[in-house]
Amino acid sequence: MFISFEGIDFAGKTTQLEKLRAWFEERGENVETLREPGGTALGERIRELLLSAAHEDMTESAELFLFSAARAQLTRAKIEPALRDGRVVLIDRYYDSTTAYQGYGRGLPLDEIEILNRAATGGTNPDLTFILDLDFDASRRRQAERDDGATDRIESADRDFFERVRNGYLTIADDEPDRARVIDATGSIETIHEIVVRETERRYAERKNS
Ligand code: T5A
């Protein structure tokens, strides 16, 4: 299975991905966990470029191509081989992040983003996507509680941007109800994990029977 976690910054994606990884491993599954941008040596270098506050003059289209380049590398080098080996792949963000942030957030044309997403992934799509839905104020509160207090280039965008991104995710979920499942990210970590597990089990059973 290939499962992605999406949502605005601090929605709790990494927390839930790690809990689902433990759940799969307890069941004897071989799990590959990845993140975007990153997950490969090249992707981690691109991540530094993308998130560094030093590149505040980065153009929106350069940003789009850098995210896509990191994704193309990760898909070919890690995701496709892991899925071929029958491993479970859990990923912290995938192409929906580009649709939500660069498309709905920055306002780049959605039809062009769709073409680029398809080229970067080669059509490798998640079986299931969890969209952790959180509002801007709650996201900022969690950020303020973080130890280092540092803000990267994208986190420093304003409320309007993150509201567009959040609404973009909800639109993606409306457009693809079979793949994307929205979860209220203000619930407790355990409550969200239970929903994630229930949905994963359901999808897993469907796949076995198909
Ligand atoms: N981006 C990325 C794009 O613009 N386009 C793209 O195509 C891609 C792939 C990536 C940035 O790049 C952008 C999006 C991002 O801005 P990142 O550092 O990977 O940067 O950012 P995030 O993915 O947002 O990672 P974060 O660590 O910031 O957020 P998470 O993973 O959603 O949250 P998590 O699990 O680390 O939790 C955050 C805090 O909240 C607490 C945790 O303990 C932690 O302190 N928490 C909860 N608190 C209360 N209740 C819960 N249910 C909680 N769950 C977690």
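Along each chain, residues carry numbers from 1 onward, in the same order as the chain's sequence is written. Only residues with pLDDT of at least 70 get local features here, since the model is predicted, and only at 80 or more are side-chain atom pairs given and counted; chain-wide, interface and lining totals rely on the full set of residues. Values reported for side chains reflect all heavy atoms of the structure, with hydrogen atoms and water molecules removed beforehand.

> Talk me through the site of the ligand; I want residue IDs and the actual numbers.
D9, K13, T14, T15 and T98 are the nearest of the 24 residues found near the ligand. In the environment of the ligand, an oxygen atom lies 2.7 Å from a nitrogen or oxygen atom belonging to the side chain of D9. Polar contacts here mean pairs of N or O atoms no more than 3.5 Å apart (in protein, one a potential hydrogen donor and the other a potential acceptor; neighbouring residues in sequence count only if both atoms are side-chain atoms). Contacts to the ligand include R93, whose side-chain N or O atom sits 2.8 Å from an oxygen atom. Working definition of accessibility: Shrake-Rupley area with a 1.4 Å probe, residue cover restricted to the visible protein chains. Coverage of the ligand by the protein amounts to 80% of the 1,000 Å² it exposes when considered alone. Those elements giving two or more residues to the shell around the ligand turn out to be α1 (13-26), α2 (41-51), α3 (60-84), α4 (95-105) and α8 (189-209). Looking at the shell around the ligand, the element that brings in the most residues is α4, giving four residues. One heavy atom within 4 Å of a molecule or strand makes the whole residue count as near it. Labels follow the DSSP assignment, with helices taken as runs of H or I lasting at least four residues and strands as runs of E lasting at least two, numbered in each case from the N terminus.

> Which residues make up the packing of aromatic side chains, and what are the values?
Aromatic contacts are taken between Phe, Tyr and Trp rings whose centres are within 6.5 Å, Trp giving its six-membered ring; a plane angle under 30 degrees counts as stacked, one over 60 as edge-to-face, and the others as tilted. Tallied over the full model, the rule gives nine aromatic pairs. Aromatic side chains F2 and Y94 sit 5.2 Å apart centroid to centroid with 70° between the ring planes, which places their arrangement in the edge-to-face category. You can see F2 sitting in strand β1 (residues 2-7) and its partner Y94 sitting in the loop between β3 (88-92) and α4, a full 92 residues away along the chain. Accessibility here uses a 1.4 Å probe with only protein chains present; expressed as a share of the type maximum, an area under 20% marks a residue as buried, one over 50% as exposed, and anything in between as partly exposed. According to the relative accessible area criterion, F2 is buried, its value standing at 1%. For Y94, a relative accessible area of 1% corresponds to the buried category. With 5.2 Å between their ring centres and 85° between their planes, F161 and F162 make a pair best called edge-to-face. Per residue, the accessibility class of F161 equals that of F162, and both read buried.

> Could you give an account of the sheet that holds strand β2 (residues 31-35), naming the residues involved and the relevant values?
In this analysis, strands are considered paired if DSSP registers two or more bridges between them. The parallel open sheet is built from five strands, whose spatial order is β2-β3-β1-β4-β5. Single-partner strands in this sheet number two, and they are β2 and β5 (180-184). Along the sheet, successive strands turn relative to each other by an average axial angle of 20°, direction set aside. Bridge analysis of β1 against β3 gives four bridges, and the strand direction is parallel. Bridged to I3 within β3 is L90. Residue contacts are counted whenever heavy atoms from the two residues lie within 4.5 Å of one another. To get an axis, fit a line to the C-alpha atoms, keeping to the stretch in contact for a helix; angles then go from 0 to 180 degrees between the N-to-C directions. Where helix α7 (residues 159-175) meets the sheet, it contacts β1, β4 (128-133) and β5, and its direction lies at approximately 145° from that of β4. Packing of α8 onto the sheet brings it into contact with β1, β4 and β5, and relative to β4 it is tilted by some 160°.

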